[in-house]
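Close look at the chain arrangement
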Amino acid sequence: MSTNDFQGMSVDVEGVSDSAPFSKLAIAALILFLVGALAPIEPALTVVSGAAAILALSSLLVANRSNFSSISRVLAAVVLFLASLVTVWSVVVYKVQHARQEARATEVALEYLQALGDGQMLTAIKMVGLDPVVRDQDETELSPAQKAVRVYLDDYAINQVIKRGKDQKWKVEGVIESQTERDPSGAILEIYRVRFYDAQQVNSRPFDVLVNFVPPPRGAANKTHRWMIDQLEIPSK
């Protein structure tokens, strides 16, 4: 075998070793995107889809300097486009859903105040999640649930609304605060604080109604969420 033959083999080996590398950033972006693609269904995954878009963009920015393969560049571009689309879409879906939730919480809170003002105590008590009882029973005969209703009926803020009667005219300021909490069972509650003012009074103090969006119990056949009143407050400011 001649020297020229060995030189030819050397050139072939060198050509293989000099092939363009594949971008690890592009691969990582693809993996994150496969997880974050469910962001429109599960808003918590929006962060993952956003991270996929950032990694894909980073891969494209360093592609020329690192001489990445054309396949990795195409992959990064596709992931960037799709991840950005999913991220924007999931944000829009969340905003629309959140706005609907706040609107519904406001409706429930207003229904509650109107029930109190109209003297519909049975409706108001049910909206709080308590069982109605007769108030003129002897204290020793009351069950814990009945005592809870008695405490509820003696609440200062509730009685202030009841005293206003049907002449009250509520001005809605809207949801001023929302948060999520876990109940003892581990279920996630969404809590909305809705603020109102009585337009019939000058310099009326605000009334805050806390409304809970309650998930169904675990294992329940009915998977529908419920709206329940948490409490009524008269804030100092």
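What comes next is a walk through the structure.

1. Describing the pattern of salt bridges
Applying the stated criterion to the full structure yields seven salt bridges. A cluster of three or more residues bridged by salt bridges with shared partners is formed by Glu177, Arg193, Arg195, Asp208 and Glu233.

2. A short note on the environment of Leu57
With respect to the helices, strands and loops of the structure, Leu57 is situated in helix α3 (residues 46-61). Among the residues examined, Leu57 registers a relative accessible area of 40% and is labelled partly exposed. Sequence separation between Leu57 and Val79 is 22 residues, and the spatial gap between their C-alpha atoms is 8.8 Å.

3. What to know about α3
The end-to-end C-alpha separation of α3 is 23 Å, in line with the 22 Å expected for 16 residues at 1.5 Å each. The set of residues buried in α3 consists of Thr46, Ser49, Gly50, Ala52, Ala53, Ala56 and Ser59.

4. Concerning a nonpolar patch on the surface
Together, Val74, Val78, Phe81, Leu82 and Leu85 give the surface a local cluster of nonpolar side chains, amounting to about 460 Å² of exposed area. Structurally, Val78 is set in helix α5 (residues 70-117). Assessed through its relative accessible area of 43%, Val78 is described here as partly exposed.

5. What to know about the packing of aromatic side chains
For the structure shown, the criterion picks out four aromatic pairs. Look at Trp170 and Phe207: their rings are 5.3 Å apart centre to centre, the planes differ by 75°, and that puts the pair in the edge-to-face class. With Trp170 in strand β1 (residues 170-182) and Phe207 in strand β3 (residues 207-214), the pair connects residues that are 37 residues apart, well separated along the chain. Each member of the pair, Trp170 as well as Phe207, carries the same accessibility label: buried. One aromatic cluster is present, formed by Trp170, Phe196 and Phe207 through successive ring pairs.

6. Things to note about the layout of surface pockets
In this model, the largest pocket occupies a volume close to 570 Å³. Lining the largest pocket are 21 residues; nearest its centre among them are Pro43, Tyr94, Gln97, Thr180 and Glu190. At the level of elements, α5, β1 and β2 (188-198) are the ones that each hand at least two residues to the lining of the largest pocket. The element contributing the most residues to the lining of the largest pocket is α5, with five residues. Looking at the lining of the largest pocket, its residues break down into 11 nonpolar, eight polar and two charged.

The rules we used
- Residues numbered from 1 in each chain as written.
- Predicted model: local features only at pLDDT ≥ 70, side-chain atom pairs only at ≥ 80, totals over all residues.
- Heavy atoms only, no water.
- Salt bridge = Lys/Arg side-chain N within 4 Å of Asp/Glu carboxyl O.
- Helix = DSSP H or I, 4+ residues; strand = E, 2+ residues; numbered from the N terminus.
- Buried < 20%, exposed > 50% of the residue type's maximum accessible area, 1.4 Å probe, protein only.
- Expected span 1.5 Å × (residues − 1).
- Patch = residues over 30% accessible without salt bridge, like charges linked within 9 Å, V, L, I, M, F, W, Y side chains within 5 Å.
- Areas by Shrake-Rupley, 256 points an atom, 1.4 Å probe, with all protein chains shown as cover.
- Phe/Tyr/Trp six-rings, centres within 6.5 Å; stacked < 30°, edge-to-face > 60°.
- 1 Å grid on protein atoms, 1.4 Å probe; cavity = no way out; pocket = protein on both sides within 12 Å on 5 of 7 lines; lining within 4 Å.
- Points joined across faces, edges and corners; volume = space filled by probe spheres on them.
- Nonpolar A, V, L, I, M, F, W, Y, C, P; charged D, E, K, R; others polar.

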